[in-house]
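Structural overview for review
Chain by chain, the residues run as shown.
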Amino acid sequence: MKIAERVPLKLKNQFASDNYAGICPEALKAMEDVSAGFANSYGDDLHTDRACNLLRDFFETDCQVFFVFNGTAANSLALASLCQSYHSIICPESAHIETDECGAVEFFSNGTKVLLVPGLDGKIELAAAEHAITRRTDIHYPKPKVLSITQSTELGTIYSVEEMNAVGALADKFDMKLHVDGARFANAVASLQVAPREISWQAGVDVLTFGGTKNGLAVGEAVVFFDARLAREFDYRCKQAGQLASKMRFLSAPWSGMLADGALLRYAAHANDCARGLAAGLGEIAGIEVVYPCQANAVFVRMPDPLIEALRQRGWHFYTFIGSGLARFMCSWSTCQADIDALVSDARQLAAAL
Ligand SMILES: *Cc1c(COP(=O)(O)O)cnc(C)c1O
């Protein structure tokens, strides 16, 4: 079979994940701009300095910033830098570091144990976290060292400022560090309409892995340390892990393109709006039920398996949670109203024909 017969070279717009989308114009232009001429390599260049400074402006603080290729590396290297091998990291069961990173956190930290606690709608349950922290204090138990949460969560929900402060206070109470997986942090900022500092360092976040890929960059995430002491030798950690880009400007400059005129948050707000519209449209169809509060750019619905199958037959891509009849539709910077209308229209028609 020729490749062209297996996969269409160009998919129609899709809702499988925000990483199906292309590169947004601001990020692409930034890459083109820095491609002209020469620049120092390995991050020792003015484009990278500028991106770091724009991130400092964004957070309104003097943070330490590192650019890596992907979120798995960002999370696991950040967490490894907070932990010794005999420590533990406490996170909700739904955490990407637990479910989707192939044990990278344990690998890069040389065995730090990830301890799971229950959560509601993707958020950590504070009482359960406190129980996991305090149930043992003896030397035989891996010492709890980090709380790790995701903002916005894997289930498309968002921690409010108050909730972030409560998580930060819990970490503080037990002298633990707070890590945030921010693959979709921009969606959270846009949804809450707060200053980024309010749900990061001011809430006690020590390290944020700030997602670029799912928000319109070609590739790359920023690891942001709000406590400079924790960033000590992080550059060596990145290099050893194969995460130090030699042409660093292509990872860093797109951040400048996205931050300089506010495109990052504009696109995140757009993706959030699209998800809200999609949730409203799908929610009106008999047999489809929206299952989590739609607060960011994801819509989770329960629908009959035959409808899932029929939508797939029509060429729609989306994720399903095996066996449970749940489907996830994800909006991105490039989702448009016509895509939403087309999906809702197909779903309505197919549901009626079941
Ligand atoms: C996509 C994602 C990541 C990053 O995944 P990579 O594929 O390693 O870039 C991290 N956390 C969450 C919650 C994600 O959705």
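What counts as what
- Residues numbered from 1 in each chain as written.
- Predicted model: local features only at pLDDT ≥ 70, side-chain atom pairs only at ≥ 80, totals over all residues.
- Heavy atoms only, no water.
- Buried < 20%, exposed > 50% of the residue type's maximum accessible area, 1.4 Å probe, protein only.
- Helix = DSSP H or I, 4+ residues; strand = E, 2+ residues; numbered from the N terminus.
- Pairing = 2+ DSSP bridges.
- Core = buried A, V, L, I, M, F, W, Y, C linked by side-chain atoms within 4.5 Å.
- Domains from an automatic or database assignment.
- Contact = heavy atoms within 4.5 Å.
- Buried area = accessible area lost by both parts, 1.4 Å probe.
- Polar contact = N/O pair within 3.5 Å; in protein donor to acceptor, adjacent residues only side chain to side chain.

1. A word on the pairing of strand β6 (residues 143-150)
- In terms of residue burial, β6 counts as a mostly covered element, since six of its eight residues are buried.
- Note that strand β2 (residues 87-92) and β6 share four bridges and pair parallel. Paired with S88 across the bridge in β6 is P144.
- Here β6 pairs with strand β7 (residues 177-182) via five bridges, running parallel.

2. Looking at the nonpolar core
- Ranked by internal contacts, the top residues of the largest apolar core, which has 59 residues, are F59, F67, I90, L147, F210 and W255.
- Top contributing element to this core by residue count: helix α3 (residues 46-59), with six residues.
- There are two domains that each give this core at least three residues, and those are domain 1 (3-21 + 263-353) and domain 2 (25-259).
- Contacts of F59, omitting those with residues within four sequence positions, involve F185, P196, R197, S200, W201, L208, F210, V224 and F226.
- Core analysis: the next-biggest nonpolar cluster, separate from the first, contains 27 residues, A279, F318, I340 and A351 among them.

3. Focus: the domain arrangement of the protein
- Here the domain parsing of the protein yields domain 1 (3-21 + 263-353) and domain 2 (25-259).
- For domain 1 and domain 2, the distance between their C-alpha centres works out to 27 Å.
- Interface of domain 1 and domain 2: buried area, both sides summed, is about 1900 Å²; carbon and sulfur atoms make up 60% of it.
- Counting the surface domain 1 buries against domain 2, the share from its top three residues, L264, L265 and Q295, is 31%.
- The tally of links from domain 1 across to domain 2 stands at nine residue pairs in polar contact (both at pLDDT 80 or more).
- Ranked by residue count, the leading element in the side of domain 1 that touches domain 2 is helix α12 (residues 263-283), at nine residues.

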